[in-house]
Structures are given as structure tokens and as C-alpha cells.
Amino acid sequence: MSKGGLLYGHWIEHLAPAQSSGVFPPLREYFWVFLLIAPITLTCIEILGGHRPIRQQSAVRILLVSLASPVIGVGLFSTVYFALRAIGYSRLIVFSFAGASCVAVCISRLMARAWHSYTMREGMYVEELAVIATPDAAQVVAERIAESASPQEYRLVGYFPLQAGIAPLSVSEDIQLPVLGDVGDVERVLIHQPIQRIVMVLPEGDTRWLDGAIKACDYFRVSVNIVPRAILTASLDDLVAQTNWTPGRIPSLTLAPPDSESGWLYLKRVLDVCVSATLLVLLAPVFLLIAIAVKLTTPHLSVFYPWHVVGYRGRRFTGYKFTTMVADADVKRDQLAALNEMTGPVFKIAQDPRVTQLGKFLRKYSLNELPQLWSVFKGDMSLVGPRPAGPHELVRYELWQKRKLSAQPGITCFWQVRGRNRISNFDDWVRMDLEYIRDRSLWLDFKILAMTAWVVVRGTGS
């Protein structure tokens with residue numbers, strides 16, 4: 001036999017699993033086989049379009065892709081190795097793996113789609129949208145969005161008319177389009193109202209307002225759809241908008257933050273979900289002990305304090321902390337305003353008389369922040385990000401300070417690890433948040449999380 005034939009025979013003999021005396025051969029013999037099938041299956045899912053946003057895929061499509069991909073993967077593997085006469089492999093094991101893969105992939109993706117459907121119904125993905133246009137053009141845009149876009153995707157909040165003295169528009173019996181202000185008020189409105197996208201319809205006349213409006217949106221990272229008036233009202237037979245997510249399927253030039261569909265943000269979200277879920281399980285006994293301690297020391301107080309804050313792009317949500325203050329803490333804050341040690345809209349006193357004895361211990365080691373892991377798991381917050389703003393603080397923000405809301409808020413950030421108890425100027429706090437937004441990356445998140453762990457152990461974070 002030739003040298004090549006000997007090498008081929010030795011290779012096949014090496015790949016074939018050892019024979020077993022039982023009904024099934026040892027599964028460890030097949031582990032590397034499963035590792036080969038996995039990337040083939042993932043590639044098939046990609047080719048069949050299964051990696052698009054899952055909320056945009058129908059249940060039938062998910063079912064077909066989930067069933068077809070593992071079958072194709074196992075089929076390709078079987079064709080190659082059976083052709084090479086690797087007869088030592090059990091067909092029962094290989095095809096059982098294919099069946100189990102179909103069921104597992106299908107169930108996991110359908111569960112993910114059900115979760116996304118639930119969060120969409122709850123308004124987690126809704127974009128507050130405004131329009132800059134003449135009244136008649138704003139009417140057309142609003143009607144198209146109301147007809148073709150889901151209320152769980154876009155919510156019209158109002159418009160900026162290009163003419164003075166214009167009244168609100170009536171889109172339908174249920175939808176009214178209020179006037180948010182003149183076109184020169186875009187910057188002011190973006191400070192105090194959550195708007196994630198603005199549709200700008202270019203009139204045939206003066207467009208000098210466009211530069212200022214785009215700069216305001218750029219500063220606050222608000223997405224923009226620019227629509228020439230001629231395209232808005234044109235009657236087209238064959239030409240359509242090439243961007244599927246354009247609101248109302250209106251052809252437009254779209255300006256959006258470069259990281260809106262970034263891969264690293266997806267990995268950051270995966271990290272948030274995995275870490276928060278793991279910690280919620282592992283720290284469950286700690287949660288229970290703290291809850292018991294709160295009830296034993298302050299039986300008249302609830303275990304959790306509802307924290308009403310403003311997060312990413314002005315979206316409001318309710319987070320939770322362990323209760324560390326007396327029942328009327330919010331009322332007493334106004335009485336203690338003269339003792340505030342922070343400049344700006346934030347209230348802080350080093351020896352706050354509203355804090356309970358147990359609360360002082362919890363705050364020293366940041367244990368009162370643990371329930372925020374649930375907000376991270378839900379998607380309202382991230383592990384690392386700027387501090388969310390209280391509604392009473394936001395109304396006092398300056399223009400440049402609101403830019404901190406252009407990123408997902410987090411449990412920790414530079415302000416935590418650099419000694420928030422030593423910071424007395426709110427501007428410095430915001431500058432650290434903006435520094436994170438400018439330089440953020442997965443590596444930076446890992447560094448901040450590592451530094452946060454050290455700060456918590458030392459008890460210097462509060």
C-alpha cells in the first residue's frame with residue numbers, strides 16, 4: 001500500500017471512536033463531532049436570515065430556520081464522514097443529536113421572540129418621534145406612520161411647524177399631534193422631553209433652519225430622517241424606501257449614531273444579561289438576609305425603595321434599591337436643602353440624618369444597590385454606564401449635561417470608582433459620565449467592574 005493510503009487509513013482510524021461494549025458508545029468520543037456541527041448550524045442560521053432582529057421574524061420563519069439548520073449541519077457532516085467510511089460512528093447518536101438540536105434551537109428562539117413581544121407591548125422598544133415640517137407635510141407624515149407603523153415601534157409626540165401661529169393637528173380620533181414649539185426650539189425641547197427620532201421634511205423654500213436642527217440632534221444623539229417634500233408626496237409605482245425601519249416607510253436620508261447597531265453593544269448586552277442573572281441567583285441568600293434586616297430594624301418601612309428615574313434618551317423607568325432612609329425622606333430633602341454639599345441639581349449630605357442605622361452599613365458597601373441588577377436584567381440599565389437622572393434633577397440640567405442620557409445608564413461608572421463621596425461638583429460628575437461615553441468599550445467596562453469590586457470590598461464607594 002502506498003504511503004498516502006497508509007496515512008489516509010491511519011487518519012480514518014484515529015477519527016473513528018473506540019468501540020464500546022454497551023448499546024451506546026461513550027459520548028466523549030463524539031464531543032469533537034458536535035463541535036464541528038455547531039458552526040455549520042450557526043452558518044446555516046445566518047444564511048437563512050435567522051440572525052436578523054428576532055422581533056422582526058415570524059414564528060413560522062423561526063420554526064423553519066430552527067428545524068432546517070441543525071438538519072443541514074448534521075447532513076453535511078454525515079455525507080462527508082460516511083463517504084470517508086468512518087463507520088465507527090453510531091448513526092443513532094448523530095441523528096439523535098440532530099433531533100435534540102432542532103428542539104433546543106426552536107424552543108430557545110421562540111422563547112426569545114415571546115420575550116421580545118412582551119417587552120414591545122410594554123413599550124421598551126418604542127421610539128418617541130417628532131416631526132419638523134409645514135402643517136400639511138406633518139399631517140402626511142403622521143398619517144403614514146399611524147397607518148403602517150406599530151404603536152409599539154413609534155409614538156408621535158408632536159411637531160415643530162415651519163410657520164408661526166399653527167394649531168395642533170388631528171391625525172385621527174385617537175391621535176393628536178401637538179405643537180412642541182417653533183423650529184428654533186428644538187434644542188430646548190430635546191433637553192426636557194424624551195425624543196429619539198425626528199423626521200425633517202425639507203420644504204421647497206427656505207431651509208436655513210436645517211443646520212441648527214441637525215446640530216441639536218447630533219449633540220443629543222437623536223436619529224434623523226430627512227425627507228425632501230417632493231419625495232414625500234410623489235406617487236411611486238415601483239420605487240420604495242430601501243431601509244425597512246424608516247418610520248411609515250417614507251423614503252428618506254437617515255442620520256443615526258454610528259454605534260446604534262454596533263456589535264460591541266450587543267456583546268455588552270449579553271454580558272449584562274449573563275452577569276446580572278448569575279448574580280441574582282447567587283446573591284439570593286444575601287437579598288433575603290438584607291430584607292429580613294430591613295424589616296427587623298424598621299418594620300414600618302418597605303423592603304424596597306422604588307427609584308423613579310430617567311434613563312437612555314429620556315425614557316423613564318422605575319428601579320429599586322433596598323430601603324435605607326426614613327419614610328418621609330423626600331419631604332425632608334426640601335427642608336435640608338441648605339445643607340446640600342453638591343453644586344448643581346443633585347442633593348447630597350455626607351452625614352444625612354434621613355439615613356437609618358442599617359442604611360449606613362448598606363450604603364458603605366453599596367449593598368443597597370443590589371436590586372438594580374433586576375433593572376440590568378430587564379434592559380432598563382447596564383452594569384456600567386452614566387448615573388440615571390431623577391426627574392426633579394433633569395429639569396435643572398444645562399444643555400451640555402443632558403448629553404449623559406445618550407447612553408444606557410449603569411450601576412457603576414467612573415463616578416463610583418473615583419470616589420463619589422469626594423465629589424462635590426455635579427459638573428465633575430457629568431464630565432466623568434461624558435468621558436465614559438466618549439471612550440466606552442468592553443475592555444473599559446471590564447476595568448470599571450474590576451475597580452468597582454475593589455471599591456465595594458473596601459467600603460469606600462458611598
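Residues numbered from 1 in each chain as written. Predicted model: local features only at pLDDT ≥ 70, side-chain atom pairs only at ≥ 80, totals over all residues. Heavy atoms only, no water.

Visitor: How would you explain helix H5 (residues 135–148) if you had to name every residue and give the values?
Guide: Here H5 spans 20 Å end to end across 14 residues, near enough to the 20 Å set by a 1.5 Å rise per residue. Restricting attention to buried positions, one finds in H5 the residues Pro-135, Ala-137, Ala-138, Gln-139, Val-141, Ala-142 and Ile-145. (Helix = DSSP H or I, 4+ residues; strand = E, 2+ residues; numbered from the N terminus. Expected span 1.5 Å × (residues − 1). Buried < 20%, exposed > 50% of the residue type's maximum accessible area, 1.4 Å probe, protein only.)

Visitor: Tell me about helix H10 (residues 284–297), and please be specific about residues and values.
Guide: The end-to-end C-alpha distance of H10, which contains 14 residues, comes to 20 Å, matching closely the 20 Å that a straight helix rising 1.5 Å per residue would cover. For H10, the full list of buried residues reads Phe-287, Ile-290, Ala-291 and Val-294. One face of H10 carries all of its buried residues, which in axial projection span an arc of 100°. Facing away from the buried side of H10 by over 90 degrees, the exposed positions are Leu-288, Leu-289 and Leu-296. (Arc of directions from axis to C-beta.)

Visitor: Just give me the short version of the sheet that holds strand E7 (residues 253–255), but keep the residues and values in it.
Guide: A sheet is described by the order of its strands in space; here five strands give the open sequence E2-E1-E5-E6-E7, paired in mixed fashion. Sheet topology places strand E2 (154–161) and E7 at the edges, where each strand pairs with a single neighbour. For this sheet, the mean inter-axis angle between neighbouring strands, taken without regard to orientation, is 20°. As paired elements, strand E5 (residues 197–202) and strand E6 (residues 223–228) share six bridges and run parallel to each other. Each bridged residue has a counterpart across the sheet, and for Ile-198 the counterpart in E6 is Val-224. Docked against the sheet, H5 engages strand E1 (127–133), E2 and E5, running at close to 150° with respect to E1. Against the sheet, helix H7 (residues 209–219) touches E1, E5, E6 and E7, its axis set at about 165° to E5. (Pairing = 2+ DSSP bridges. Axes fitted to C-alpha atoms, helices over the stretch in contact; angles between N-to-C directions. Contact = heavy atoms within 4.5 Å.)

Visitor: Lay out the pattern of salt bridges in plain terms, naming residues and giving numbers.
Guide: For the structure shown, the criterion picks out 15 salt bridges. Put simply, Arg-155 and Glu-128 hold a salt bridge, and the shortest N to O gap is 2.8 Å. Here the residue Arg-155 occupies a position in strand E2, and Glu-128 occupies one in strand E1, the gap between them amounting to 27 residues. Judged by relative accessible area, which is 39%, Arg-155 ranks as partly exposed. Given the relative accessible area of 10%, Glu-128 is considered buried. (Salt bridge = Lys/Arg side-chain N within 4 Å of Asp/Glu carboxyl O.)

Visitor: Can you break down the layout of surface pockets residue by residue, with the values?
Guide: Where empty space is left becomes clear once a probe the size of a water molecule has been rolled over the atoms. In this structure, the second largest pocket encloses a volume near 1,400 Å³. Looking at the second largest pocket, it is lined by 50 residues, and the ones nearest its centre are Lys-321, Met-325, Phe-347, Arg-354 and Arg-363. Looking at the lining of the second largest pocket, the elements with two or more residues in it are strand E8 (304–310), strand E9 (316–322), helix H11 (329–335), helix H12 (357–364), helix H14 (391–394) and strand E11 (410–412). Ranked by residue count, the leading element in the lining of the second largest pocket is E8, at five residues. (1 Å grid on protein atoms, 1.4 Å probe; cavity = no way out; pocket = protein on both sides within 12 Å on 5 of 7 lines; lining within 4 Å. Points joined across faces, edges and corners; volume = space filled by probe spheres on them.)

None of this, on its own, says anything about what the molecule does.
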